[in-house]
Amino acid sequence: MRTVIAGGHGKIALRLATLLANQGHEVVGVVRNPDHRADVEQTGASAVVLDLESASAADLTPALKGADAVVFAAGAGPGSTAARKDTVDRAAAVLLADAAAQAGVRRYVLVSATGVDQPVDPARGEVWAAYVAAKKAAEDALRGRSDLDLTIVRPGTLTDDPGVGKVALSTGPLDRVDVTRDDVAAVLAAVLEAPGTAGLTLELMGGTDDIVGAVAAVQK
Ligand SMILES: NC(=O)c1ccc[n+]([C@@H]2O[C@H](COP(=O)([O-])OP(=O)(O)OC[C@H]3O[C@@H](n4cnc5c(N)ncnc54)[C@H](OP(=O)(O)O)[C@@H]3O)[C@@H](O)[C@H]2O)c1
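- Identification of the protein chain as NAD(P)H-binding from Pseudonocardia oroxyli is taken from an unreviewed UniProt entry.

This is the structure we're talking about:
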């Protein structure tokens, strides 16, 4: 399997690249900073340098040729402006879909976030509101496309604690429990191997279910 990860130097992305490369899969990480190339290559993946906020779909398409799947794991990140929530968390996710369509890649796994379909607490400020709006708009834009086999994964609050190999995964609402980036990456790797998750939006929290079993259980 050849998988292209947009936001290839992200914390989840590097973990996912390591897992996939260790399973013998081919992985490409798309990064905007050439200094990040070495970290991506250290996982066993190869790196393509492209800024997803200034690139066109045509710029990105060659990197996607021959891929079996794409994963959107980019994000403007903490401390970014409200404007960059839109240009990265929404627009770059759509750009990846456009490029995937042009390259003939149907399988798309979107890393979203829990709560994006809930009312926003105004006390959290306008950048938070912009983040939630961008994630929701990305989900809606991608869900409406017939040229993608889309799985949306909505993790709860992420931690850098070591993974435990167990999660809670559901197409319905879950109580909020922090989840490790290690375990999110393992869920993404399992989702990539599970075509029956196409069309699903999956809430993902810390939990007690074995990851491969949890992914198998939610498949249509
Ligand atoms: N934090 C949480 O609790 C939480 C909860 C649920 C979901 N999420 C979502 O989970 C996803 C992954 O999380 P994470 O912790 O792995 O994020 P992360 O470490 O912040 O990684 C995001 C990556 O996106 C890259 N990126 C930003 N703008 C880009 C651009 N224009 N072109 C190419 N790459 C670009 C960043 O690169 P640079 O280093 O160059 O900026 C960074 O490597 C994010 O979408 C986040 O919103 C987070």
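1. Some remarks on the pairing of strand E1 (residues 2-6)
No. 1: Among the five residues in E1, five count as buried, and that is most of the element.
No. 2: Burial of the side chains of E1 extends over both faces: Arg2, Val4 and Ala6 are buried on one face and Thr3 and Ile5 on the other.
No. 3: Looking at chain direction, E1 and strand E2 (residues 26-31) are connected through five bridges and run parallel. By the bridge assignment, Val4 is partnered in E2 with Val28.
No. 4: With helix H1 (residues 11-22) bridging E1 and its parallel neighbour E2, the resulting β-α-β unit is right-handed.
No. 5: Sheet topology places E1 next to strand E4 (residues 69-72); four bridges connect them, and they run parallel. Its bridge partner being in E4, Thr3 is matched across the sheet by Ala69.

2. What to know about the pairing of strand E6 (residues 149-155)
A regular strand places its side chains on the two faces of the sheet in alternate fashion.
No. 1: With six of seven residues buried, E6 is to be regarded as a mostly interior element.
No. 2: Pairing between strand E5 (residues 107-111) and E6: five bridges, direction parallel. What sits directly across from Val109, in E6, is Thr151.
No. 3: Remark: the E5/helix H5 (residues 126-143)/E6 crossover connection has right-handed handedness.
No. 4: Where E6 lies against strand E10 (residues 201-206), four bridges are found, and the strand directions are parallel. Each bridged residue has a counterpart across the sheet, and for Pro155 the counterpart in E10 is Leu204.

3. Let's talk about the environment of Ala55
No. 1: With respect to the helices, strands and loops of the structure, Ala55 is situated in the loop between strand E3 (46-49) and helix H3 (57-64).
No. 2: By relative accessible area, which is 13% here, Ala55 ends up buried.
No. 3: For the pair Ala55 and Lys135, spaced 80 residues apart in sequence, the C-alpha to C-alpha distance is 20 Å.
No. 4: Apart from residues no more than four positions distant in its own chain, Ala55 is found in contact with Leu50 and Leu95.

4. Side note on the packing of helix H4 (residues 82-103) against H5
No. 1: In contact at an axis separation of 8 Å, H4 and H5 are set at 10° when each is read in the N-to-C sense. Classed by the angle they form, the pair H4 and H5 counts as roughly parallel. Note on packing geometry: the crossing formed by H4 with H5 is right-handed. Across the interface between the two elements, Ala82, Lys85, Asp86, Asp89, Arg90, Ala93, Val94 and Ala97 of H4 pack against Glu126, Val127, Ala130, Tyr131, Ala134, Lys135, Ala137, Ala138, Ala141 and Leu142 of H5.
No. 2: The residue makeup of the contact of H4 with H5, split by class, is 12 nonpolar, no polar and six charged.

Cut-offs used in this document
Residues numbered from 1 in each chain as written. Predicted model: local features only at pLDDT ≥ 70, side-chain atom pairs only at ≥ 80, totals over all residues. Heavy atoms only, no water. Buried < 20%, exposed > 50% of the residue type's maximum accessible area, 1.4 Å probe, protein only. Helix = DSSP H or I, 4+ residues; strand = E, 2+ residues; numbered from the N terminus. Pairing = 2+ DSSP bridges. Right-handed = clockwise from strand over helix to strand, strands pointing away. Contact = heavy atoms within 4.5 Å. Axes fitted to C-alpha atoms, helices over the stretch in contact; angles between N-to-C directions. Parallel < 35°, antiparallel > 145°, perpendicular 65-115°, else oblique. Left-handed = near helix turned anticlockwise from the far one by under 90°. Nonpolar A, V, L, I, M, F, W, Y, C, P; charged D, E, K, R; others polar.

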